[in-house]
Amino acid sequence: MPFELDTDMPRELAPLAWLIGRWEGAGVMGYPGIESVNFGQEVVCGHDGRSFLEWRSTTWLLDEAGNQVEPLTSELGYWRPLPDGEVEFVLAHPTGVVEMYYGNTTPAKIELRTDGVLRSPSAMEYSAATRLYGYVNSNLMWAMDMAATGHPLQSYASAELKRVS
């Protein structure tokens, strides 16, 4: 599906406009102590006329045939563009983790690192992450590195999503 610029979008959102829409696709995740798995993902990103984007991501485990097996992760958040190509991304997870990312945007690319991680006493030990988002050949591609459970920052998950609306 081709990208169409939302003419009602606040001007401040222009560097992030390519994220707006509903995306679906698949990826892979794995980490020391976590078996590598294939997952499906849906992302919905939009705005209500104010100068931030709303973000909702849901993933589910896929079997060998690509069928949904069970829910894996979900996250809710907000993208906040700042002057000079900077951006903030705040995410909350039902596992008791809240992440605050800070980074930069360039045309069709966003690079982020955690500025803060807050976790509940029952949440998994998790201390830092980086995320990379890109608009490549009309697809949303992303990769995440994570530092958790005593391991240094390393590859955790990546996916390629197609715009479906």
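Everything that follows concerns the structure shown earlier in this document.
No experiment lies behind these values; they were computed from the predicted model shown.

1. Section: the packing of aromatic side chains
What characterises a pair of aromatic rings is the spacing of the ring centres plus the angle enclosed by the ring planes.
Now for step 1: Scanning the entire structure with this criterion turns up 12 aromatic pairs.
Now for step 2: With a centroid separation of 6.2 Å and an interplanar angle of 35 degrees, the aromatic rings of Phe-39 and Trp-142 are classed as tilted. Residue Phe-39 is located in strand β2 (residues 34-46), and its partner Trp-142 is located in strand β9 (residues 139-148); the two are separated by 103 residues in the primary sequence. When sorted by exposure, Phe-39 lands in the same class as Trp-142, which is buried.
Now for step 3: Relative to Phe-89, the ring of Trp-55 lies with its centre 5.5 Å away and its plane at 85 degrees, an arrangement referred to as edge-to-face. Of the two residues, Trp-55 is situated in strand β3 (residues 53-62) and Phe-89 in strand β5 (residues 86-93); the sequence distance between them amounts to 34 residues.

2. Some words on the pairing of strand β10 (residues 154-163)
Now for step 1: In the sheet, strand β1 (residues 21-31) pairs with β10 via 7 bridges, with the strands oriented antiparallel. Following the sheet pairing, Gly-27 is matched in β10 by Ala-159.
Now for step 2: Here β9 pairs with β10 via 8 bridges, running antiparallel. Within β10, the position partnered with Leu-140 by the bridge is Leu-161.
Now for step 3: Between β9 and the antiparallel strand that follows it, β10, lie 5 residues; Thr-149 among them carries a positive phi value of about 45 degrees.

Conventions used here
Residues numbered from 1 in each chain as written. Predicted model: local features only at pLDDT ≥ 70, side-chain atom pairs only at ≥ 80, totals over all residues. Heavy atoms only, no water. Phe/Tyr/Trp six-rings, centres within 6.5 Å; stacked < 30°, edge-to-face > 60°. Helix = DSSP H or I, 4+ residues; strand = E, 2+ residues; numbered from the N terminus. Buried < 20%, exposed > 50% of the residue type's maximum accessible area, 1.4 Å probe, protein only. Pairing = 2+ DSSP bridges.

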